[in-house]
Amino acid sequence: MRERLNRLLLNVIAVLVAAVFAGGITSLILLTRGDSPTFVISQMWDYGTQRSTELTIMNGATVYYLSAVAVAIGFRMNLFNIGVDGQYRLAAMLAGAFAGSVSLPNGLRQTATILVAMLAGAAWAGLVALLKVRRGVSEVISTIMLNFIATGLIAYLMRPSIFGHRFGNDVTTKPIPKSGQVGGLDLIPNSGGKVYGLILLAVAVGVAFHVVVNYTRFGFDLRATGRSATAAQASGVNVKKMTAATLVMSGATAGLVGMPALLGDSHSYSSITFQTGLGFTGIAIALLGRNNPIGIAFAAVLWSFLDNSATILDLNNIPKEVVQITQGVVVLSVVIAYELVRRLALVRQQRAVGRAVAPPPGTPVVEGAPA
Amino acid sequence: MTVDDSTTATVAPRAERAAASRRPNSLYALYLAIIALMLISFVRAVTGANDITSGGTVGATISLAIPIALAGLGGLWSERSGVVNIGLEGMMILGTFFGADFAYFSHSPWVGVLGGIAGGLIGGVLHAVATVTFGVDQIVSGVAITILATGLARYLAGVFFTGQPGGGPTQSPSIPRFQKLRVPGADSFFGKLERHHWFVVSDVAGVLRGLTTSLTPFTILMILMFPLSWFVLWRTSFGLRLRSCGESPSAAESLGVPVYRMKYIAVSVSGVLAGLGGAFLADFSGIYREGQTGGRGFIGLAAMIFGNWRPGGLAAGASLFGYTDAVQLRQGATSVHALLLLVAVLLVVIGAYQLWRREWIVGAVVVGVAALVFGWYSVTNDVPIEFVPATPYLITLLVLALASQRLRMPAADGIPWRRGQST
Amino acid sequence: MHGITKRFPGVVANKDIDLVVQRGHVHAIVGENGAGKSTLMNTLYGMHKPDEGTVVIDGKPVVFSSPSDAIAVGIGMVHQHFMLADNFTVLENIVLGSEPTHAGVLDFRAARKKISEISDTYGLAIHPDDLVEDLGVGLRQRVEICKVLYRGARILILDEPTAVLVPQEVDELFANLRELKAEGLTVLFISHKLDEVLRVADEITVIRRGTTVRTVNPKDVTARQLAELMVGGQLPVPELRESTVTDTVELTLDHVSVRTPDGRPVVDDVSLAIRKGEIVGLAGVEGNGQAELVEAIMGMRPLASGSIQLGGQDISRWHTRRRREAGIGYIPEDRHRHGLLLEAPLWENRMLGHQTERPNSRGPWVDRAGARRDTKRVVEDYDVRTPGIDVTAASLSGGNQQKFIVGREMSGSMQVLIASHPTRGVDVGAQAAIWDHLRNARAAGLAVLLISADLDELIGMSDTLRVILRGRLVGEVDPRTVTPEELGSAMTGANTVADGAPS
């Protein structure tokens, strides 16, 4: 038990060190332009702690969380699902089209929409699984290719003759009527808005992730395969099935990424206005949170804070993109820091084992004259 | 890419692979090229999509293939030393930005080349530090660098290009470009031949016209990178040592090869090549634009796998991808539609080959897909415009799906290595 | 070498070692697994620096910061696990790091010439353009020796060179060593095979627990005495007492064949039966199908033909997990790749291979408390030296890892145990313990298939001893009367031995 607490502490320290380092680099960059880092931080903090910003931060974090969990499912098994991007957009589009056109009783419609999204994401990821398991195609490349192909597919399906509806300058899926939407929660008073109702879904997903991976046999098999596919195979795991199952689960979770916005905010999908790039953000957050549902939660909030509070910078003539550098540096340095922690822990363990196993001091070891 | 492919990919029997890698490559490649030309000619004649072998398309093919090929070559250098480099896309992005930036402010495309080198080098060194010195998982590092590069490029573009005519955080103003080297008279001579639309003759004329009118000094320099890489890696002692780091780093270390240093050099070169690819892309488009790389860093990796980690095969793969890219960019809908026929024919050939090798399932699937593609071709007049930009990515997937199995990557590729390790 | 000390995290590998070697001698260094021999030689070869002590060559003290320094002084090392790049040719492997060049460009002709010269002079019989991947073990070793001679080594270090050779190949190697001696070279020979060492060495140094114990002349000692010096006490002997073999057949292999993807039979028509209470030993040179046979039994490889029956049921089509659940235990040859999750804590490793059974899981849920309790039991019953069950498997020594695996696989209701090289790379104490456990399990009715390269272990621990060659079972020998030489001959096919009668 102490072992685990020690590790946790080390990891937290690693994150803090990485964050400070990233902050340092960003400050340097700001200073070269003559901007004051403390000014930037205070501006961002002031703006970020305003009620209305807090609301957008929470909502942003919810979406990021889902994306990061989807990626983390793959990471735990040493699979890199970089296709979350294509999966969630395709799922959101298909779910939006479904919800807009089908009429079902209250409550059932929302559930069905979510299921459609999960299915779409799972199917798109299923292609990756097929290619990997049957043809040995690296999922890193196939997911990225499928991202681009998804863009084309979505564009095609959004033709007015298929799923698209003209809305001024925009083309969207058929808007979802109130009975099919998900209301918000009034969690932050005086914020002028509501938190996504589906934040509950995000929490449920996180809990499910934690429970399945750490407490079920399937989760054990998953982690074992991620640690050593050969040992897992020798222990009875069907590695191919596991690979396929993991990719499909990751895709299904990715499908959920667009749901809070679709059902709680825009009520329709549009290629132009729907948030993009969530796939790569999810990867960054999963790395930061060490593929652990609680770590990811913190990382998602942090990332969302950086993203949203940076909008104030433009008003002060500081390009808000500097925050993206911070984010990038944080990811890279955190990853390095985690690796160092891992090595340190291993060395310490070896020492501990050596101490526990060594013969007690004072026993004569050598006999006989040196050669 | 996950390296433990022993559990997923079935590796081709040793004798076959050894034979495959020692076949006289140049003769074999020549045969393939001739057959390809005949096939495409045939398709052009049947479909009337005259652009697919025009000089313009060939020229565009070369220009679009080069960024992909350079990224792939970067991947090759890196993986031959045992380090997987997924961050090529990020290094390419830095290359596009710094290439455009340097070219614009110095009013010289040559300085832009230097910019590309610089940008790619930054990314390469970062990747080397993270993976070689710190032992971070190579794919994680690559992804992190791509994320960082995207943010960095956006920030720097905002800083340098805002306020310049036509510039802003997402694009640069027009940059000075390289001039094309034109062989006098070639354009009109070959152009005339082309317009006759004669079977094979006009197509060859198109190829020659493309070759003689669309090359810039930058292009030629980049093309030279391939034979140069081959020579350095396979004919010098430096190259042997570098490749040994990717095959058996412990053996290399035990013989005094400085493995860490070799990996650093290889990954840095890898970044430089990707950066050059980015600079080339910027030069070709005449501008830096966000998202310009469009995944070419990754397509380059696919070309590298397709080429069995050798420069020659890599160039062939990149040309294939460049060709599809060029075709879809020019007369998109009709040309891609014509390509459907080509794809159907090729798939039939491949399917027949698989069936002949008794691979019943694979063969049947391939022939089935060929039939579907042919059906699509005959039923429609053109491919929906939205699918056209996705063509290169689809082709990449197709090629990988069919070719992934007979390949052999460097034995210690992707495995993090520490001094004193015994594997 | 004088006063050499080397520490690693958690262990002192070498402590105050003294070693003096005469030129033109074959000097053997013996000690059990984990005694520190390899670490010492790695220091001599420049792979790491000693924490204390000095190295003196030809009267001059030297300090090596990398193998290149050692190579420059004339030291060459042939490692126990060959350091060869499979995808390279013999030539590329040999010249790596010392390539003949014209201004950086490789000079293949010069390299080929020199290699052929060396090969002829020392009788190595190697071809520069062969792909290393295609070469067998004996040839690979000769490539390694050529590698070392190519660099003008005058001092050769051979680390456990006979570990993977059969008696005939060992004779060839010793002949090569005599030629090297005749040319004035010095050979340092690390081994734990005492009879071989006595045959070939001029002087023997014994190392135990990281320090030098004594240096002796082979003419003055017997193998027994050497062994006792190595261990500091009595050497354990693998031997079975009374027969516990019953009549009930537990595992049957019926005309089993396994093929490679291109159709070659790597296991060819093998039929075998193991009864309750019986240990069936399978002897064979590595690479003759044993590994594939084991994988086929475990369900990790498909059968091309034939069937496998467990307790009367046909399990030929069953998946690995089902076979394990039915009671097949597996001690894998390569414990790091197939037996352990190195980065996982010990209690999770307890579950590996048994994650669907009690006490590790209940239905779809993992029973952490149950697994942890049982891990403690395994650690106690099988004397696994560890400070706790939360340490990662990687921090345990090889012997303790193996004891843990043996304990895990013998838990629960096992009917059959497939033990592949169960005491490889394990110190003598752990080896004795593992043999004990195998004996006890056998007495309790377990059916065991024992695969090993240790001829003494095979002869001592088997009730029935079969020989496998090129995928076929070529003979059966009587473990009570066969000698290691006869067994070795049968393993290489030099003569077919039946019923223990020497040919």
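Rules of the game
- Residues numbered from 1 in each chain as written.
- Chains lettered and ligands numbered in written order.
- Predicted model: local features only at pLDDT ≥ 70, side-chain atom pairs only at ≥ 80, totals over all residues.
- Helix = DSSP H or I, 4+ residues; strand = E, 2+ residues; numbered from the N terminus.
- Rg over C-alpha atoms; globule rule 2.2 N^0.38 Å.
- Buried ≥ 20, exposed ≤ 12 C-beta atoms within 10 Å, placed from the backbone.
- Contact = placed C-beta atoms within 7 Å.
- Domains from an automatic or database assignment.
- Nonpolar A, V, L, I, M, F, W, Y, C, P; charged D, E, K, R; others polar.
- Pairing = 2+ DSSP bridges.
- Axes fitted to C-alpha atoms, helices over the stretch in contact; angles between N-to-C directions.
- Parallel < 35°, antiparallel > 145°, perpendicular 65-115°, else oblique.
- pLDDT = per-residue confidence, 0-100.
- Left-handed = near helix turned anticlockwise from the far one by under 90°.
- Expected span 1.5 Å × (residues − 1).
- Arc of directions from axis to C-beta.
- Core = buried A, V, L, I, M, F, W, Y, C linked by C-beta atoms within 7 Å.

1. A look at the overall build of chain C
- For chain C, the helix and strand inventory stands at 17 helices and 24 strands.
- Whereas a compact globule of 503 residues would reach a radius of gyration of roughly 23 Å, chain C reaches 24 Å, a difference of no more than 12%.
- The dimensions of chain C, computed from C-alpha atoms along their principal axes, are 65 × 50 × 50 Å.
- Here chain C holds 503 residues, and 49% of them are scored as buried.

2. Observations regarding the overall build of chain A
- On a plain count of helices and strands, chain A comes out with 15 helices and two strands.
- Reported as C-alpha extents along the three principal axes, the dimensions of chain A are approximately 95 × 55 × 35 Å.
- The buried share of chain A, reckoned over its 371 residues, is 54%.
- Partitioning the intrachain contacts of chain A with sequence separation of at least 6 by distance along the chain shows that 76% fall at a separation of at least 24.

3. Observations concerning the domain arrangement of chain C
- When the domains of chain C are assigned, the result is domain 1 (2–231), domain 2 (243–327 + 413–496) and domain 3 (335–412).
- Along the lines of polarity and charge, the residues of the side of domain 1 of chain C that touches domain 2 of chain C split into five nonpolar, three polar and one charged.

4. Digging into the interface of chain A and chain B
- Contacts between the two partners involve 43 residues from chain A and, on the opposite side, 44 residues from chain B.
- Sorting the residues of the side of chain A that touches chain B by element identifies helix H5 (108–135), helix H6 (139–157), helix H9 (229–234), helix H10 (239–256), helix H12 (278–288) and helix H15 (322–357) of chain A as the ones contributing at least two each.
- Of the residues forming the side of chain A that touches chain B, the biggest block, 12 residues, is contributed by H15 of chain A.
- Tallied by class, the residues present in the side of chain A that touches chain B amount to 28 nonpolar, 10 polar and five charged.

5. Some points on the sheet that holds strand S4 (residues 52–57) of chain C
All names here are of chain C.
- Spatially, the four strands line up as an open sheet ordered S2-S1-S4-S5, and their pairing is antiparallel. Where the open sheet ends on each side, the last strands, each with one partner, are strand S2 (11–17) and strand S5 (60–62). If you compare each strand with its neighbour and ignore which way they point, the axes differ by 35 degrees on average.

6. Let's talk about the interface of chain A and chain C
- Counting residues at the interface gives 34 residues for chain A and 45 residues for chain C.
- Counting only elements with at least two residues in the side of chain A that touches chain C, the list comes to helix H8 (217–227), H9 and H15 of chain A.
- Among the elements that make up the side of chain A that touches chain C, the one with the highest residue count is H15 of chain A (10 residues).
- Class assignment for the residues of the side of chain A that touches chain C results in 17 nonpolar, 11 polar and six charged.

7. Re the sheet that holds strand S21 (residues 416–420) of chain C
Residues and elements named next belong to chain C.
- Read across the open sheet, the six strands follow the order S18-S21-S22-S15-S23-S24; overall the sheet is mixed. Each having just a single partner strand, strand S18 (328–331) and strand S24 (472–477) make up the two edges of the open sheet. On average, each strand axis in the sheet is tilted by 20 degrees relative to the strand beside it, whichever way the strands run.
- The pairing of S21 with strand S22 (residues 447–452) spans five bridges and is parallel. Following the sheet pairing, Ile418 is matched in S22 by Leu449.
- Sitting on the sheet, helix H9 (residues 290–298) touches strand S15 (279–283), S18, S21, S22 and strand S23 (464–469), and the angle it makes with S21 is about 150 degrees.

8. Brief notes about the pairing of strand S13 (residues 249–259) of chain C
Residues and elements named next belong to chain C.
- The pairing of S13 with strand S14 (residues 265–275) spans seven bridges and is classified as antiparallel. Pairing of Val249 across the sheet is with Arg275, part of S14.
- Here S13 hands over to S14 after five residues, with Gly263 in that stretch at a positive phi of 95 degrees.
- Both S13 and strand S16 (residues 305–310) contribute to a ladder of five bridges, which runs antiparallel. Opposite Leu253, over in S16, you have Ile308 as the bridge partner.

9. A short note on the packing of helix H3 (residues 51–75) of chain A against H10 of chain A
Residue and element names in this part refer to chain A.
- Between H3 and H10, whose axes approach to 8 Å, the crossing angle comes to 175 degrees. Considering the angle they form, H3 stands roughly antiparallel to H10. Between H3 and H10, the residues in contact are Leu66, Ser67, Val69, Ala70, Ile73 and Gly74 and Thr246, Leu247, Met249, Ser250, Thr253, Ala254 and Leu256, respectively.
- By residue class, the composition of the contact of H3 with H10 is eight nonpolar, five polar and no charged.

10. Remarks on the confidence of the model for chain C
Residue and element names in this part refer to chain C.
- Averaged over every residue, the pLDDT of chain C is 84; residues scoring 70 or more account for 97%.
- Of all secondary-structure elements in chain C, the lowest mean pLDDT belongs to helix H8 (residues 223–231), at 76, while S21 reaches the highest, 93.
- Confidence over residues 496–503 falls short of pLDDT 50; this stretch has 19 contacts with residues more than four positions distant or in other chains.
- ipTM for the predicted complex: 0.82, alongside a pTM of 0.84.

11. Some thoughts on the packing of helix H5 (residues 109–133) of chain B against helix H6 (residues 138–161) of chain B
All names here are of chain B.
- At a minimum axis distance of 10 Å, the contact between H5 and H6 shows a crossing angle of 145 degrees. Handedness of the crossing formed by H5 with H6: right-handed. Residue-level contacts link Gly123, Leu126, His127, Ala130 and Thr131 of H5 to Gln138, Ser141, Gly142, Ile145 and Ala149 of H6.
- Here the contact of H5 with H6 is composed, by residue class, of four nonpolar, six polar and no charged.

12. What to know about helix H13 (residues 368–381) of chain C
Residues and elements named next belong to chain C.
- In a regular helix each residue adds 1.5 Å, so 14 residues correspond to 20 Å; H13 covers 20 Å between its end C-alpha atoms and thus fits that length.
- All buried positions along H13 are accounted for by Ala371, Asp374, Thr375, Val378 and Val379. An end-on view of H13 places all buried positions within 145 degrees of arc, on one side of the element. The exposed set on the far side of H13, more than 90 degrees from its buried face, consists of Ala369 and Glu380.
- The secondary structure elements touched by the buried residues of H13 are helix H12 (346–351) and helix H14 (398–409).

13. A short note on the environment of Ala453 of chain C
All names here are of chain C.
- Its location among the elements puts Ala453 in the loop between S22 and helix H16 (455–461).
- Residue class for Ala453 comes out partly exposed when judged on the 19 C-beta atoms lying within 10 Å of it.
- Spatially, the C-alpha atoms of Ala453 and Leu465 are 13 Å apart, while their sequence positions differ by 12 residues.
- If we skip the residues at most four places from it in the chain, Ala453 touches Glu286 and His421.

14. Brief notes about the nonpolar core
- Counting 387 residues, the largest nonpolar core has Val331, Val334 and Val335 of chain A together with Leu156 and Ile418 of chain C as the members making the most contacts within it.
- Here this core gets 15 residues from one element, more than from any other, and that element is H3 of chain A.
- Setting aside residues no more than four positions away along its own chain, Leu156 of chain C makes contact with Gly76, Val78, Val148, Leu180, Leu185, Val187 and Leu188 of chain C.

15. Quick look at unusual backbone geometry
- The phi dihedral of Asn308 of chain B is positive, around 55 degrees, even though this residue is not glycine.
- The partly exposed category is assigned to Asn308 of chain B, around which 18 C-beta atoms lie within 10 Å.
- Of note, the phi angle at Arg470 of chain C is positive, near 50 degrees, even though the residue is not glycine.
- For Arg470 of chain C, the position within the fold is in the loop between S23 and S24.

16. Brief notes about the confidence of the model for chain A
Residues and elements named next belong to chain A.
- Taken as a whole, chain A shows an average pLDDT of 85; of its residues, 95% reach a score of 70 or greater.
- Of all the helices and strands in chain A, strand S1 (residues 165–167) carries the lowest mean pLDDT, 78, while H10 carries the highest, 94.
- Note that residues 362–371 has pLDDT below 50 and, in this model, 15 contacts with residues that lie over four places away or in other chains.

17. Some words on H9 of chain C
All names here are of chain C.
- Burial within H9 is extensive, with seven of its nine residues counted as buried.
- What H9 keeps buried is the set Gln290, Leu293, Val294, Glu295, Ala296, Ile297 and Met298.
- Among the residues trailing H9, Gly299 stands out with phi positive, at a value near 90 degrees.

18. Focus on the environment of Arg418 of chain B
- Here Arg418 of chain B lies in the segment after helix H17 (391–403).
- Residues Arg418 of chain B and Pro249 of chain B lie 169 residues apart in sequence; the distance between their C-alpha atoms is 9.1 Å.

19. Considering the environment of Ile207 of chain C
Residue and element names in this part refer to chain C.
- Relative to the helices and strands, Ile207 is located in strand S11 (residues 203–208).
- Judged by the 25 C-beta atoms lying within 10 Å of it, Ile207 falls in the buried class.
- For Ile207 and Lys37, which are 170 residues apart along the polypeptide, the C-alpha to C-alpha distance reads 7.0 Å.
- Setting aside chain neighbours within four positions, we find Ile207 in contact with Ile29, Gly31, Ala35, Gly36, Lys37, Thr212 and Val213.

20. Considerations on the pairing of strand S3 (residues 26–30) of chain C
All names here are of chain C.
- In terms of residue burial, S3 counts as a mostly covered element, since five of its five residues are buried.
- On S3, burial covers both faces: Val26, Ala28 and Val30 on one face and His27 and Ile29 on the other are all buried.
- For S3 and strand S10 (residues 186–191), the ladder comprises five bridges, and the chain directions are parallel. Pairing of Ile29 across the sheet is with Ile190, part of S10.
- As defined by bridge partners, S3 adjoins S11 across four bridges and the pair is classed as parallel. Among the inter-strand pairings, His27 is bridged to a residue of S11, identified as Glu203.

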